[in-house]
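# Coordinates in review
For reference, the chains in residue letters:
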Amino acid sequence: GLVPIMYRALQERAARGPAQWLHRFKAQYVANVFHNQLVQAGVDEIGAVFNGERIPVIVMKGVALLRTLYDDPGLRVLGDIDLLVDEGDVERAGAQLQRMGLNLIASEHADHRGPLCHIHLVYRRPQQRSVAVELHWNLFEPYQPYVFDLDVVRAQAQQLPDAPPNVLAMAPEHELAHLCVHLDRHALAYRSLIRRADWFELLTLPQGLGRLQWLYDIALYLQRRSALIN
């Protein structure tokens, strides 16, 4: 997930690295710029449709960070569009997504783990390589030991820049905490890890699902938005 960031960092040091690698990085960066433009257009389209139905929606993770944290539309690699709505709005929001041509797809992982793991629905257009939309009504599984008051999260949410008025982003305190919780849910995060010299390698191992990009998000958030955090 860091190839576009590596490309921008290496631009000023092009003579120090192999030209073929810089060329590969540039190709991925340019492709990511176009990809992200399409994703952001999709967010605005969904936001406008939800606005017509008076459905408030909070945009989460990479799609939100691209507008609030990153200063270059090609730097952050986006996997899907993560949206949070009130549980009472899930059915209406899902119906609007389906009217837009997105199909509800089965979540084999959640189905295998049981009903306590159902915290979102996934929608996708039938076209190949289309970006999935994850419609969340919770931020994590109810058996997880995290504490988030969703009523407070919604009450303190702020409008996402350059988006319809009903399209929001979390307040900085909630957003930073959620980024950490999201990494913790997917990573090899144990107390014993802190005492190990190789904690970083273990945290970012592919089989641990703890993506280096998510750690970068947290570091950049602390660097650029710490003045906004209570």
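Now for a look at the structure at hand. Keep in mind it's a predicted model, so treat the numbers as computed, not measured.

Attention now moves to the overall build of the protein. The helix and strand tally for the protein stands at 10 helices and seven strands. Expressed as a percentage of its 230 residues, the buried residues of the protein come to 43%. Put simply, 65% of the contacts in the protein that link residues at least 6 apart link residues at least 24 apart. Entry remark: accessible area of the protein is about 13,100 Å², with carbon and sulfur atoms responsible for 54%.

Quick look at the pairing of strand β4 (residues 120-124) now. Bridging between strand β3 (residues 103-105) and β4 involves three bridges; their strand directions are antiparallel. Across the sheet, residue L104 finds its bridge partner in β4, namely Y123. One ladder, built from four bridges, connects β4 with strand β5 (residues 132-136); its direction is antiparallel. Across the sheet, residue V122 finds its bridge partner in β5, namely E134.

Another aspect to go through is the pattern of salt bridges. Taken as a whole, this structure holds 13 salt bridges when the rule is applied. A salt bridge links D71 to R8; the nearest nitrogen and oxygen atoms lie 3.1 Å apart. Remark: R8 occurs in helix α1 (residues 3-11) and D71 occurs in the loop between α3 (61-68) and β2 (80-84); sequence separation between them is 63 residues. Overall, D71 belongs to the exposed group, its relative accessible area being 52%. One network of salt bridges, with partners in common, ties together R8, D71, D72 and R224.

Before going further, it helps to examine the sheet that holds strand β1 (residues 57-60). Sheet strands line up and pair through hydrogen bonds in the backbone, either parallel or antiparallel. Read across the open sheet, the seven strands follow the order β3-β4-β5-β2-β1-β7-β6; overall the sheet is mixed. The sheet is open, and its two edges are formed by β3 and β6 (158-159), each paired on a single side. Taken together, the two bridges between β6 and strand β7 (residues 167-169) define a ladder with antiparallel strand orientation. Paired with Q159 across the bridge in β7 is L168. On top of the sheet, helix α2 (residues 19-52) reaches β1, β2, β5 and β7; it is set at about 30° to β2, its chief contact. In this fold α3 packs onto β1 and β2, with an angle of close to 85° to the strand it touches most, β1.

Looking now at the nonpolar core. Soluble, globular proteins show a tendency: their nonpolar side chains are buried together. Among the nonpolar cores identified, the biggest contains 45 residues, and F50, V59, Y70, L83, L97, V133 and L135 are the most heavily contacted of them. For this core, the leading source of residues is α2, giving eight residues. Setting aside chain neighbours within four positions, we find V133 in contact with I46, I81, L83, L97, L102, L121, V122 and Y123. Counting 13 residues, the second largest nonpolar core, distinct from the first, contains I58, F140, Y146 and L150.

Attention now goes to α1. Given 3.6 residues per turn, any residue in an α-helix points the same way as the ones three and four places further on. Taken residue by residue, α1 has P4, I5 and Y7 as its buried positions. Within α1, the buried residues cover an arc of 155° as seen down the axis, which keeps them to one side. Along its buried surface, α1 packs onto α2 and α10 (212-225).

Definitions and cut-offs
Residues numbered from 1 in each chain as written. Predicted model: local features only at pLDDT ≥ 70, side-chain atom pairs only at ≥ 80, totals over all residues. Heavy atoms only, no water. Helix = DSSP H or I, 4+ residues; strand = E, 2+ residues; numbered from the N terminus. Buried < 20%, exposed > 50% of the residue type's maximum accessible area, 1.4 Å probe, protein only. Contact = heavy atoms within 4.5 Å. Areas by Shrake-Rupley, 256 points an atom, 1.4 Å probe, with all protein chains shown as cover. Pairing = 2+ DSSP bridges. Salt bridge = Lys/Arg side-chain N within 4 Å of Asp/Glu carboxyl O. Axes fitted to C-alpha atoms, helices over the stretch in contact; angles between N-to-C directions. Core = buried A, V, L, I, M, F, W, Y, C linked by side-chain atoms within 4.5 Å. Arc of directions from axis to C-beta.

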